[in-house]
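Take a look at the letters that make up each chain.
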Amino acid sequence: MAKTDIIWQLKTHFRQENIRNVVILTDENVERFYSGYFSDLAEWVSLDKIVLPAGESVKSIDSAIQIWHYFAEKQYDRDIFLLNFGGGTICDLGGFVASTYKRGIRFANCPTTLLAMIDAAIGGKTGVNLQYLKNGIGTFYFPDIQLPTDIPFLKTLPEEELRSGFGEMVKYALIGSAELFDNLCRMETLSVIQSEYVDFCIRFKQEVVQKDPRDEHFRHILNFGHTVGHALEGYAAETGKSVAHGIAVAQGIYYESLLSTRLGLLSREEWQLIAAFLPKHYQIPKITSAILEKLLPYMRNDKKNHDGHLNFTLLDRIGHAVPDCEVSSTDLYDMLA
């Protein structure tokens with residue numbers, strides 16, 4: 001029923017808001033599988049579509065400029081509606097474009113990947129990468145409506161995409177539900193993701209965002225695993241490699257959980273549970289002192305930092321996170337000892 005619910009909700013919204021022109025922003029992978037997904041909307045609105053190459057590289061200011069130019073050439077005004085149909089890259093880029101074109105147009109996200117469903121499509125954060133700096137440019141801009149999740153999209157995802165989204169799911173478990181973490185530990189395969197796990201992650205993020213919509217303090221708990229994860233992601237890109245966002249987050253979770261234990265927050269017993277679980281699904285890179293030296297500039301560019309100090313979100317137990325923990329570079333080097 002999810003597709004029917006999505007179409008019905010969009011039709012209702014378009015009728016109520018008198019929306020006549022809708023632009024679908026998607027990528028080549030989604031277009032290949034779901035080119036006609038929104039065809040029923042053509043009875044109600046004029047549909048246009050922009051299809052971008054797939055991959056993180058399109059999440060750039062250059063792509064935003066191309067889309068702005070396209071809108072201007074079509075003489076679209078502020079009454080158009082942008083429908084972002086894809087994974088995290090499309091949701092982040094499309095939201096950023098919507099927030100900036102003619103000072104803001106209406107939009108919605110229809111996420112097609114696990115990572116986008118439970119993270120990127122929720123919360124009003126938009127952005128593009130600044131060369132190798134993840135989400136270096138962005139805005140807070142909330143979609144008009146929150147569309148239902150269509151779980152069958154996950155059936156067409158490659159394994160790496162599922163694994164990437166699963167990394168974010170592990171994060172939600174570790175910061176919000178020891179029960180969910182226990183359930184994830186019992187999973188033998190990622191090929192079937194339980195819808196109730198997805199629903200928990202969505203509800204949890206929505207509740208956090210509601211408490212701190214502008215990401216001023218409490219919402220920082222959602223960045224667990226991301227300080228190290230973003231650094232690994234940026235360093236990989238700079239060296240000509242790539243690592244999917246959620247996989248980098250899972251790797252970051254490993255080291256930030258270790259750091260939590262080394263700083264006396266997380267018990268050694270719970271750290272061992274995490275350390276035994278993550279390598280079953282992810283290759284954990286060995287961070288040497290030399291590699292840490294390369295990662296530190298990325299960490300120092302993290303948006304959570306304040307007054308020149310590194311701020312981490314850490315764990316004090318499985319299912320509960322502590323935001324804005326000041327960590328020194330010495331602490332990080334000691335973590336590796």
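Scroll up for the structure.
All of the points below concern the structure found in this document. No experiment lies behind these values; they were computed from the predicted model shown. (Residues numbered from 1 in each chain as written. Predicted model: local features only at pLDDT ≥ 70, side-chain atom pairs only at ≥ 80, totals over all residues. Heavy atoms only, no water.)

It is worth spelling out the overall build of the chain at this point. A count of helical and extended segments in the chain gives 13 helices and 8 strands. Taking 2.2 N^0.38 as the reference for a compact globule, 337 residues should give roughly 20 Å; the C-alpha atoms of the chain span a radius of gyration of 20 Å, in line with that estimate. For the chain, the spread of C-alpha atoms along the principal axes amounts to about 60 × 40 × 35 Å. The 337 residues of the chain split such that 54% are buried. (Helix = DSSP H or I, 4+ residues; strand = E, 2+ residues; numbered from the N terminus. Rg over C-alpha atoms; globule rule 2.2 N^0.38 Å. Buried < 20%, exposed > 50% of the residue type's maximum accessible area, 1.4 Å probe, protein only.)

This part covers the layout of surface pockets. There is about 270 Å³ of room inside the second largest pocket. As for the second largest pocket, its lining consists of Leu232, Tyr235, Ala236, Thr239, Lys241, Ser242, Val243, Gln251, Pro285, Lys286, Ile287 and Ile291. Here the lining of the second largest pocket gets 3 residues from one element, more than from any other, and that element is helix H9 (residues 226–238). Taken together, the residues of the lining of the second largest pocket sort by class into 7 nonpolar, 3 polar and 2 charged. (1 Å grid on protein atoms, 1.4 Å probe; cavity = no way out; pocket = protein on both sides within 12 Å on 5 of 7 lines; lining within 4 Å. Points joined across faces, edges and corners; volume = space filled by probe spheres on them. Nonpolar A, V, L, I, M, F, W, Y, C, P; charged D, E, K, R; others polar.)

Tracing the sequence through the fold places cysteine 110 in strand E4 (residues 106–111). For the pair formed by cysteine 110 and glutamine 283, sequence separation is 173 residues and the distance between their alpha carbons is 30 Å. Those residues in contact with cysteine 110 that lie beyond four places of it in its chain are Ile6, Tyr37, Phe38, Leu83, Asn84, Phe85, Gly86, Leu147 and Phe153. (Contact = heavy atoms within 4.5 Å.)

Our focus in this paragraph is the packing of H9 against helix H12 (residues 289–300). Relative orientation of the contacting elements H9 and H12 amounts to 115°, with a least axis distance of 8 Å. The interaxial crossing formed by H9 with H12 has right-handed handedness. For the pair H9 and H12, contact is made by Thr227, Val228, Ala231, Leu232, Gly234, Tyr235 and Glu238 and by Lys294, Leu295, Tyr298 and Met299, respectively. Partitioning the contact of H9 with H12 into residue classes produces 7 nonpolar, 2 polar and 2 charged. (Axes fitted to C-alpha atoms, helices over the stretch in contact; angles between N-to-C directions. Left-handed = near helix turned anticlockwise from the far one by under 90°.)

For lysine 59, the location among the structural elements is in the loop between strand E2 (46–52) and helix H3 (61–73). For the pair lysine 59 and cysteine 91, spaced 32 residues apart in sequence, the C-alpha separation works out to 9.7 Å. Setting aside its immediate chain neighbours within four residues, lysine 59 contacts Thr89, Asp92, Gly127, Val128, Asn129, Lys134 and Asn135. Reaching out from lysine 59, the side chain makes a polar contact with the side chain of aspartate 92 at a distance of 2.7 Å. (Polar contact = N/O pair within 3.5 Å; in protein donor to acceptor, adjacent residues only side chain to side chain.)

Formed by 85 residues in total, the largest nonpolar core has its most connected members in Phe38, Leu83, Phe166, Met169, Leu184, Met299 and Leu332. Sequence-distant contacts of phenylalanine 38, defined by excluding residues within four places in its chain, comprise Ile6, Ile7, Leu10, Ile24, Leu47, Leu83, Phe85 and Cys110. (Core = buried A, V, L, I, M, F, W, Y, C linked by side-chain atoms within 4.5 Å.)

As a further point, take the pairing of strand E7 (residues 310–317). Summarising burial for E7: 6 of the 8 residues are buried, a large majority. Bridge count between E7 and strand E8 (residues 320–327): 6 bridges; the pairing is antiparallel. Note that in E8 the partner of asparagine 311 across the bridge is glutamate 326. Counted along the chain from E7 to the antiparallel partner E8, the turn is 2 residues long, and its residue glycine 319 has a positive phi close to 105°. (Pairing = 2+ DSSP bridges.)

A separate point is helix H10 (residues 245–262). Helix length check: H10 (18 residues) gives 25 Å between terminal C-alpha atoms against 26 Å at 1.5 Å per residue, within 8%. Immediately beyond the C-terminal end of H10, within one or two residues, lies glycine 264, with a positive phi of roughly 85°. (Expected span 1.5 Å × (residues − 1).)

In this model, asparagine 18 sits at a positive phi of 55°, which is unusual for a non-glycine residue. Position of asparagine 18 among the secondary structure elements: in the loop between helix H1 (2–17) and strand E1 (21–27). Phi at glutamine 75 takes a positive value of approximately 60°, unusual for a residue other than glycine. Considering the arrangement of structural elements, one finds glutamine 75 in the loop between H3 and strand E3 (81–86).

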